[in-house]
Amino acid sequence: MSKNYSFSDGIATFIILLIGAAEAAHLCGIFLHRPFSECAILFGIFAVGALIVLIAAVIWCRKAGHAVCTGNGWSRAEKVLLTVFILLAVVQVLYAVMGKGIYRRGDITVETVGSFLENNTLYQVNPMTGRAYEGGIPSRLKILCLPTMYASLCSLFHVSPRLLIWHVIPVVTLTGCYAAYICLGRSLFPGDRYRQLWFLVIVALVIWAGGYKFGMDGFLVLFAGWRGVTLRNTVLIPYAVSLCIRKKYLHAFLCAVAEVCIVWTLYGLGACLIVISGMALARFLCGRRKNREEDER
């Protein structure tokens, strides 16, 4: 079974590192009471640092001979499957870029980001009323860093919150989603490119099919790609599963930490940690069973 990292690992890991950079800058603003403008600069510095570290790690892996290889020649069936997958993915990306299917009910991310930019503060002004919070905000809300990350990106690249959140971020989330599932396919079918491509085609079809109902992963990634629960369900969880299959539990634990920083529901201590614990327990039990069978022989 392949335990090596690939370019897809780099994409998924970079999203996790961006969340970490945003969380560090966000906490500086919340607990050190720094203005948002300083937090945006800190985020930029942390993000560039994370990118440099990731590039250095990729170069080291390639020099060490850890590049993932699944064979050289492509069969006709594999070319057809790759073409079908690319077409499905490209259509989904175009759909996300247009942003005509966005689901905004009960969501005030754009308003919150606009409040950060306008008032140069973090969670000090109610974006719906324009007035200061009289009773404060929940402690859990103070930890969530996605609005800070989006506002920092808006400030650094001089784009409007609506353009970034409703059109750009969904494409990034969709890219991270497929990167995570590519890693999962390689982990489930190591060295079998034909099955990996079939797996990706099925994933793309399931995403389209899941768009019929709110709460489905397909709906989230197609209609609400900027939400924390979307990043958790479509990027962090499948990537964590692939890492657990490859016995990279420390790396997988970063997925659970990232969930804490972006998801409000279950106070961030939900699916990722459960998935990682379940995978570790399953591997432990399977190992004990295998050892017992070998002893009986």
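Now for a quick tour of the structure. (Residues numbered from 1 in each chain as written. Predicted model: local features only at pLDDT ≥ 70, side-chain atom pairs only at ≥ 80, totals over all residues. Heavy atoms only, no water.)

Right, let's get into the overall build of the chain. Of the regular secondary structure elements, the chain holds 12 helices and 0 strands. When its helices and strands are written in sequence order, the chain yields α-α-α-α-α-α-α-α-α-α-α-α. For the chain, the C-alpha radius of gyration of 21 Å lies close to 19 Å, the compact-globule estimate for 297 residues. Projected onto the principal axes, the alpha-carbon positions of the chain cover approximately 70 × 45 × 40 Å. Expressed as a percentage of its 297 residues, the buried residues of the chain come to 44%. Sequence-distant contacts in the chain: of pairs separated by 6 or more residues, those separated by 24 or more amount to 73%. Accessible surface for the chain amounts to roughly 15,900 Å². Of this, 66% is attributable to carbon and sulfur atoms. Taken as two groups, the 28 positive and 15 negative side-chain charges of the chain have centres that lie 5 Å from each other. (Helix = DSSP H or I, 4+ residues; strand = E, 2+ residues; numbered from the N terminus. Rg over C-alpha atoms; globule rule 2.2 N^0.38 Å. Buried < 20%, exposed > 50% of the residue type's maximum accessible area, 1.4 Å probe, protein only. Contact = heavy atoms within 4.5 Å. Areas by Shrake-Rupley, 256 points an atom, 1.4 Å probe, with all protein chains shown as cover. Lys, Arg positive; Asp, Glu negative; His and termini not counted. Charge placed at Lys NZ, Arg CZ, Asp CG, Glu CD.)

So, on to the side chain of S242. Its location among the elements puts S242 in helix α10 (residues 228-245). Given a relative accessible area of 0%, S242 falls into the buried group. At 2.7 Å, the side chain of S242 and the backbone oxygen of Y239 are in polar contact. Setting aside chain neighbours within four positions, we find S242 in contact with C183, L184 and S187. (Polar contact = N/O pair within 3.5 Å; in protein donor to acceptor, adjacent residues only side chain to side chain.)

This paragraph deals with the side chain of T109. Looking at where T109 falls in the secondary structure, it is placed in helix α4 (residues 109-119). You can call T109 buried: its relative accessible area is 16%. Apart from the residues within four sequence positions on either side, T109 is in contact with Y150, I165 and W226.

Two numbers describe a pair of packed helices, the interaxial angle and the distance between the axes. One way to put it is that α10 packs onto helix α11 (residues 249-262) with a least axis distance of 9 Å and a crossing angle of 170 degrees. In terms of orientation, α10 and α11 fall into the roughly antiparallel class. Contacts between α10 and α11 pair G228, L231, R232, L236, Y239, A240, L243 and C244 from the former with Y249, H251, A252, C255, A258, E259 and I262 from the latter. The residue makeup of the contact of α10 with α11, split by class, is 11 nonpolar, 2 polar and 2 charged. (Axes fitted to C-alpha atoms, helices over the stretch in contact; angles between N-to-C directions. Parallel < 35°, antiparallel > 145°, perpendicular 65-115°, else oblique. Nonpolar A, V, L, I, M, F, W, Y, C, P; charged D, E, K, R; others polar.)

Grouped together as the largest cluster of nonpolar side chains are 75 residues, with contacts concentrated most on F43, M149, Y150, Y178, Y239, C255 and I262. Per-element accounting of this core gives the leading share, 11 residues, to helix α7 (residues 161-188). Apart from residues lying up to four places away in sequence, Y239 is in contact with Y5, D9, A12, T13, I16, A180, C183, R246, H251 and C255. (Core = buried A, V, L, I, M, F, W, Y, C linked by side-chain atoms within 4.5 Å.)

Using the criterion set out here, one finds 1 cavity of 30 Å³ or more in the structure. Each pocket or cavity is described by its volume, and for the largest cavity that value is around 40 Å³. Forming the walls of the largest cavity are Y95, A96, G99, G101, I102, W166, P170, L222, F223, A224 and G225. Looking at the lining of the largest cavity, the elements with two or more residues in it are α3 (76-98), α7 and α9 (217-223). Of the residues assigned to the lining of the largest cavity, the class counts are 8 nonpolar, 3 polar and no charged. (1 Å grid on protein atoms, 1.4 Å probe; cavity = no way out; pocket = protein on both sides within 12 Å on 5 of 7 lines; lining within 4 Å. Points joined across faces, edges and corners; volume = space filled by probe spheres on them.)

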